[in-house]
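Secondary and tertiary structure notes
Spelled out from the first residue to the last, the chains are:
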Amino acid sequence: DAGVIQSPRHEVTEMGQEVTLRCKPISGHDYLFWYRQTMMRGLELLIYFNNNVPIDDSGMPEDRFSAKMPNASFSTLKIQPSEPRDSAVYFCASRGRGGAYNEQFFGPGTRLTVL
Amino acid sequence: SQQGEEDPQALSIQEGENATMNCSYKTSINNLQWYRQNSGRGLVHLILIRSNEREKHSGRLRVTLDTSKKSSSLLITASRAADTASYFCATANQAGTALIFGKGTTLSVSS
């Protein structure tokens, strides 16, 4: 398996533009997580899905952020409109069955820069 | 909010020395996990210790867990330059379905 795949790896955009980040989890995994990492706040859990259904989105910072998982092999995180403070590395991770006893597998991340 | 807090924030050692990182957490846990992040990469799972375990080994890694003190430590023995990375502890959320990560310890191993 290729592991968790994220695209793009780098994104530079201007304030006010829409940004869409993409993630393909490991085949067979039923949990998918979106994280944001910054120097100031560390690694924050934004939202996670189980069997394509959003379970907890309490970490999503604002209504400008939205996430979808239309099927088991694809998820998107959208920011509209983007702001400079959204600049961060965004990670997607997936996990198989077994609850929190199972390890999470992380993608390489998308480095977002909002000018 | 973050469950785990690593200590120290940064650690610099020479190759061959041992590195010890600590993690404290606030609420009861089912398990605690340690992850490594190389610069510019995603996190990689290192080891998991369950709440009923006190010590666990994996290669050059040794993890201890003290549930009475709500703390864990990660020991890397005979460190190598390739061990240079950030190390994070993680515990499950209340529902036991997601992980909450600390801010990490940045380890630098010089040759």
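All of the points below concern the structure found in this document.

Procedures and definitions
Residues numbered from 1 in each chain as written. Chains lettered and ligands numbered in written order. Predicted model: local features only at pLDDT ≥ 70, side-chain atom pairs only at ≥ 80, totals over all residues. Heavy atoms only, no water. Helix = DSSP H or I, 4+ residues; strand = E, 2+ residues; numbered from the N terminus. Rg over C-alpha atoms; globule rule 2.2 N^0.38 Å. Contact = heavy atoms within 4.5 Å. Areas by Shrake-Rupley, 256 points an atom, 1.4 Å probe, with all protein chains shown as cover. Buried < 20%, exposed > 50% of the residue type's maximum accessible area, 1.4 Å probe, protein only. Pairing = 2+ DSSP bridges. Axes fitted to C-alpha atoms, helices over the stretch in contact; angles between N-to-C directions. Core = buried A, V, L, I, M, F, W, Y, C linked by side-chain atoms within 4.5 Å.

1. Brief notes about the overall build of chain B
The secondary structure content of chain B amounts to zero helices and 11 strands. When its helices and strands are written in sequence order, chain B yields β-β-β-β-β-β-β-β-β-β-β. Scaling as 2.2 N^0.38, a compact globule of 111 residues should have a C-alpha radius of gyration of about 13 Å, and chain B matches this with 13 Å. Projected onto its principal axes, the C-alpha coordinates of chain B cover approximately 45 × 30 × 20 Å. Contacts in chain B between residues at least 24 apart in sequence constitute 53% of all its contacts with a sequence separation of at least 6. A total accessible area of about 5,300 Å² is found for chain B, and carbon and sulfur atoms account for 43% of it.

2. Regarding the environment of Thr 27 of chain B
Locating Thr 27 of chain B in the fold gives a position in the loop between β3 (19-24) and β4 (31-37). You can call Thr 27 of chain B partly exposed: its relative accessible area is 31%.

3. What to know about the sheet that holds strand β6 (residues 55-58) of chain B
Note on sheets: strands pair through backbone hydrogen bonds, and any given pair is parallel or antiparallel. Residues and elements named next belong to chain B. On the basis of which strands lie adjacent, the open sheet formed by five strands has the order β1-β3-β8-β7-β6 and antiparallel pairing. One side of each edge strand has no neighbouring strand; the edge strands of this open sheet are β1 (5-7) and β6. Neighbour-to-neighbour, the strand axes of this sheet turn through a mean angle of 20°, independent of strand direction. Here four bridges tie β6 to strand β7 (residues 61-66), and the two strands are oriented antiparallel to one another. The residue of β7 that forms the bridge with Glu 55 is Thr 64.

4. A look at the nonpolar core
Residues and elements named next belong to chain B. Ranked by size, the top nonpolar core spans 22 residues in total, and within it Leu 32, Trp 34, Leu 74, Ile 76, Tyr 87 and Leu 107 carry the most contacts. For this core, the elements supplying multiple residues, two or more each, are β2 (10-14), β3, β4, β5 (43-50), β7, β8 (71-76), β9 (85-92) and β11 (105-110). When sequence neighbours within four positions are dropped, the list of residues in contact with Leu 32 reads Cys 23, Tyr 25, Ile 47, Leu 48, Ile 49, Leu 65, Ser 72, Cys 89, Ala 90 and Thr 91.

5. Some details on the environment of Val 4 of chain A
Residues and elements named next belong to chain A. Following the sequence through the fold, Val 4 ends up in the segment before β1 (5-7). C-alpha of Val 4 to C-alpha of Ser 94: the two residues are 90 residues apart in sequence and 7.2 Å apart in space. In contact with Val 4, not counting residues within four places along its chain, are Cys 23, Lys 24, Pro 25, Ile 26, Cys 92, Ser 94, Phe 105, Phe 106, Gly 107 and Pro 108.

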